[in-house]
Amino acid sequence: MMNDILTQLGDILEERKQADADSSYVASLYHKGLNKILEKVGEEATETILAAKDAEHSGDNSDVVYETADLWFHSLVALAKLGVRPEAVLEELARRFDSVRPRRKSIPYG
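Residues numbered from 1 in each chain as written. Predicted model: local features only at pLDDT ≥ 70, side-chain atom pairs only at ≥ 80, totals over all residues. Heavy atoms only, no water.

Draft legend 1. Fine view of the nonpolar core. Within the largest apolar cluster, 13 residues are counted, with the highest numbers of intra-cluster contacts made by L13, V26, Y30, I37, L76 and V77. Counting residues per element, the ones that place at least two in this core are α1 (2-16), α2 (25-32), α3 (34-58) and α4 (62-81). When residues in this core are grouped by element, the largest group, five residues, is from α4. Non-local contacts of V26, meaning those with residues more than four positions away in its chain, are made with L13, R16, F73 and V77. (Core = buried A, V, L, I, M, F, W, Y, C linked by side-chain atoms within 4.5 Å. Buried < 20%, exposed > 50% of the residue type's maximum accessible area, 1.4 Å probe, protein only. Helix = DSSP H or I, 4+ residues; strand = E, 2+ residues; numbered from the N terminus. Contact = heavy atoms within 4.5 Å.)

See the structure below:
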């Protein structure tokens, strides 16, 4: 399911590159350029940090989930602006997971 959502989002982000700036939020970001997109990534990162700090004290994670979604979204917009598809990030995560996953010959659990 996650791969499907990211693939669909990647397709939409690509389509928005050709759209008029006033036709969608993403198209307007593309027309403003990479610096504006990166500014949004920075804003969302800060909001995610603040939400996580609040969540630690309140026990309510809803805002940190919401802000993380914004951070991921704007990061994907930045990647798309650079010609990178979401699948590239998934492949990198899979590569990292494979490199740290315990092997059967490693120290037994328990």
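Draft legend 2. Region of the structure containing the environment of S24. Positionally, S24 belongs in the loop between α1 and α2. It is 41 Å that separates the C-alpha atoms of S24 and R101, two residues lying 77 residues apart in sequence.

Draft legend 3. Inspection of the side chain of E67 at higher detail. Secondary-structure assignment places E67 in helix α4. Setting aside residues up to four positions removed in sequence, E67 forms contacts with E44, E47, T48 and A51.

Draft legend 4. Quick peek at the pattern of salt bridges. As enumerated under the stated definition, the model contains eight salt bridges in all. Linking K17 and E14 is a salt bridge whose minimum nitrogen-to-oxygen distance equals 3.1 Å. Since its relative accessible area comes to 27%, K17 is described here as partly exposed. Here E92 and R95 are joined by a salt bridge, their closest N and O atoms 2.6 Å apart. Pair noted here: E92 and R95 are both in helix α5 (residues 86-100), with a separation of three residues, about one helical turn. Taken together, the salt bridges that share partners define one network made up of D11, R85 and E87. (Salt bridge = Lys/Arg side-chain N within 4 Å of Asp/Glu carboxyl O.)

Draft legend 5. Seen up close, the layout of surface pockets. Approximately 190 Å³ is the volume found for the largest pocket. Lining the largest pocket we find 10 residues, and of these L6, W72, L76, V89 and L93 sit closest to its centre. Elements with a contribution of two residues or more to the lining of the largest pocket: α1, α4 and α5. Classifying every residue of the lining of the largest pocket gives nine nonpolar, one polar and no charged. (1 Å grid on protein atoms, 1.4 Å probe; cavity = no way out; pocket = protein on both sides within 12 Å on 5 of 7 lines; lining within 4 Å. Points joined across faces, edges and corners; volume = space filled by probe spheres on them. Nonpolar A, V, L, I, M, F, W, Y, C, P; charged D, E, K, R; others polar.)

Draft legend 6. Looking closely at the packing of α2 against α4. Contact pair α2 / α4: the axes reach a minimum separation of 11 Å and the direction vectors enclose 50 degrees. Taken together, the axis directions place α2 and α4 in an arrangement best described as oblique. Crossing handedness for the pair α2 and α4: right-handed. Judged by residue contacts, Y25, V26, L29 and Y30 of α2 engage F73, H74, V77, A80 and K81 from α4. Here the residues of the contact of α2 with α4 sort into seven nonpolar, one polar and one charged. (Axes fitted to C-alpha atoms, helices over the stretch in contact; angles between N-to-C directions. Parallel < 35°, antiparallel > 145°, perpendicular 65-115°, else oblique. Left-handed = near helix turned anticlockwise from the far one by under 90°.)

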